[in-house]
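So the chains spell out like this:
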Amino acid sequence: MKIVFFDIDGTIYSYTLGGITQNVRDAIDETRQKGVLCFVASGRPYGFIAQNVKDIGFDGYVLSNGAQLTYQNKNLKVRYLNNVYLTELCKKLRDRHIEYTLLTPKACYIRRGYTTLLEFYSKCNIDFENFIFDYGEEEIIEQTIKVEAWVKNKEEYQYVVSNLQHFSHELHPDNHSMEIYSPTVSKATGILDVLDLLDIDVDDSYCFGDGPNDVEMFETVGHPIAMGNAINIIKEKAEIVCPSVDEDGVAIQLKKMF
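Keep in mind that this is a model prediction, so the values were computed, not measured.

Caption draft 1: Looking closely at the side chain of aspartate 248. Following the sequence through the fold, aspartate 248 ends up in the loop between strand 14 (240–241) and helix 10 (249–257). The buried charged residue aspartate 248 lacks any salt bridge partner; its closest oppositely charged side chain belongs to lysine 255, at an N-O distance of 7.6 Å. In contact with aspartate 248, not counting residues within four places along its chain, are Thr21, Asn23 and Val24.

Dropping the structure here:
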C-alpha cells in the first residue's frame, strides 16, 4: 500500500487563488480511488481545518505538528502537552498581555478579548465553528496539544522564547504569529507513527510541501516532492520539484505518479 502526505497552506491551498482548485480535488480523489491513502500533514490542529479541506475526503490527518493522528475519522494517537509546564507558560503570557490560543484534538479555546488573533485567523481559511470562548482554562490545559500566540514586536517574541524551556516553537514569516508545541513531536514523528500503525513501508510513502515545518517530513518519507513555490531548503531535500500551488502542481504530479 502507498500513502501520500499533503501540507495544506501553499501546497494544496492557494491564497492567491483563494482556495483549493477543482483540479487538485479531482486528482486527490482519483489517487484515492486507485488505492493510495491520502493524508493531510499539517501544523494546524483539527479546529483549524476548514470544511473545504475536509470535503476532499482525506483518509487521515497528521495534525498539530504530529501531536494528533487520525485515520478514518478516529484518533490513532494523541500526545498532550505537559499541563504543569503549560500552566506556567500561560501565566507568563497573561502577565505580559500576550494573546494565545489553546488547541485541543477537537476545538480551539481563545478569550473573547483576543481580537488580534481572531482577526488573523479570519484570513487563514479557518472556520470558526470549532472556536470556544467561554471555558475553564485549568480543565482545557489538560487537553491541550499545541498553543498559538501573537507577539506584537521583537521584545515580546524574545520574552516568550525565554519562557519556552520545555517547548519548541516556530515564528511565522509575519513575525507575529507563533506556534508552541512539544519538542518530542513533529510531522516526522507523526508520519513514522502512521506508517508503523498502518504497516506501510517508508519507501511507499510520499509527501508534498513547501515550508519550514515540512523539513523533517521531507527527511522522513521515501519520496519528498517540493512545490515550485517552496523555500530553498525544501527544494534541496526534494526528489522532485513540481509546479507551484498556483499552477496546480499537486494535481500535475499526482497524475504523473499514479
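Caption draft 2: Local environment of helix 10. The set of residues buried in helix 10 consists of Gly249, Val250, Ala251, Gln253 and Leu254. Packing partners of the buried residues in helix 10 comprise strand 1 (3–6), helix 1 (22–33), strand 12 (205–209), strand 13 (223–226) and strand 14.

Caption draft 3: Geometry of unusual backbone geometry. Of note, the phi angle at asparagine 65 is positive, near 55 degrees, even though the residue is not glycine. In the Ramachandran plot, aspartate 248 falls in the positive-phi region, its phi being about 60 degrees despite a non-glycine side chain. Overall, the relative accessible area of 14% leaves aspartate 248 in the buried class.

Caption draft 4: The arrangement of the packing of helix 1 against helix 10 in detail. It is at 8 Å that the axes of helix 1 and helix 10 come closest, and there the two elements cross at 30 degrees. Looking at the two axes, helix 1 sits roughly parallel to helix 10. The two elements helix 1 and helix 10 meet at a crossing, and its hand is left-handed. Judged by residue contacts, Asn23, Val24, Ala27, Ile28, Glu30 and Thr31 of helix 1 engage Val250, Ala251, Leu254 and Lys255 from helix 10. Class assignment of the residues belonging to the contact of helix 1 with helix 10 gives a composition of six nonpolar, two polar and two charged.

Caption draft 5: Spotlight on the nonpolar core. Among the nonpolar cores identified, the biggest contains 34 residues, and Leu86, Tyr100, Leu102, Tyr121, Phe131, Val160 and Ile180 are the most heavily contacted of them. The set of elements that each furnish at least two residues to this core consists of helix 3 (83–95), strand 6 (99–103), strand 7 (108–109), helix 4 (115–121), helix 5 (137–141), strand 9 (146–150), helix 6 (154–161) and strand 11 (177–181). Contacts of leucine 86, omitting those with residues within four sequence positions, involve Leu81, Leu102, Ile141, Thr144, Val147 and Phe167. Residues Tyr61, Tyr206, Phe208 and Val250 belong to the second largest nonpolar core, which totals 28 residues.

Caption draft 6: Local environment of the sheet that holds strand 11. Read from one edge of the open sheet, six strands run 8-7-6-9-11-10, paired in mixed fashion. The two strands at the open ends of the sheet, each matched to only one other strand, are strand 8 (131–132) and strand 10 (168–171). Packed on one face of the sheet, helix 3 meets strand 6, strand 9 and strand 11 and runs near 155 degrees to strand 6.

Cut-offs and rules
Residues numbered from 1 in each chain as written. Predicted model: local features only at pLDDT ≥ 70, side-chain atom pairs only at ≥ 80, totals over all residues. Heavy atoms only, no water. Helix = DSSP H or I, 4+ residues; strand = E, 2+ residues; numbered from the N terminus. Buried < 20%, exposed > 50% of the residue type's maximum accessible area, 1.4 Å probe, protein only. Lys, Arg positive; Asp, Glu negative; His and termini not counted. Salt bridge = Lys/Arg side-chain N within 4 Å of Asp/Glu carboxyl O. Contact = heavy atoms within 4.5 Å. Axes fitted to C-alpha atoms, helices over the stretch in contact; angles between N-to-C directions. Parallel < 35°, antiparallel > 145°, perpendicular 65-115°, else oblique. Left-handed = near helix turned anticlockwise from the far one by under 90°. Nonpolar A, V, L, I, M, F, W, Y, C, P; charged D, E, K, R; others polar. Core = buried A, V, L, I, M, F, W, Y, C linked by side-chain atoms within 4.5 Å. Pairing = 2+ DSSP bridges.

The analysis is restricted to geometry; functional conclusions fall outside its scope.
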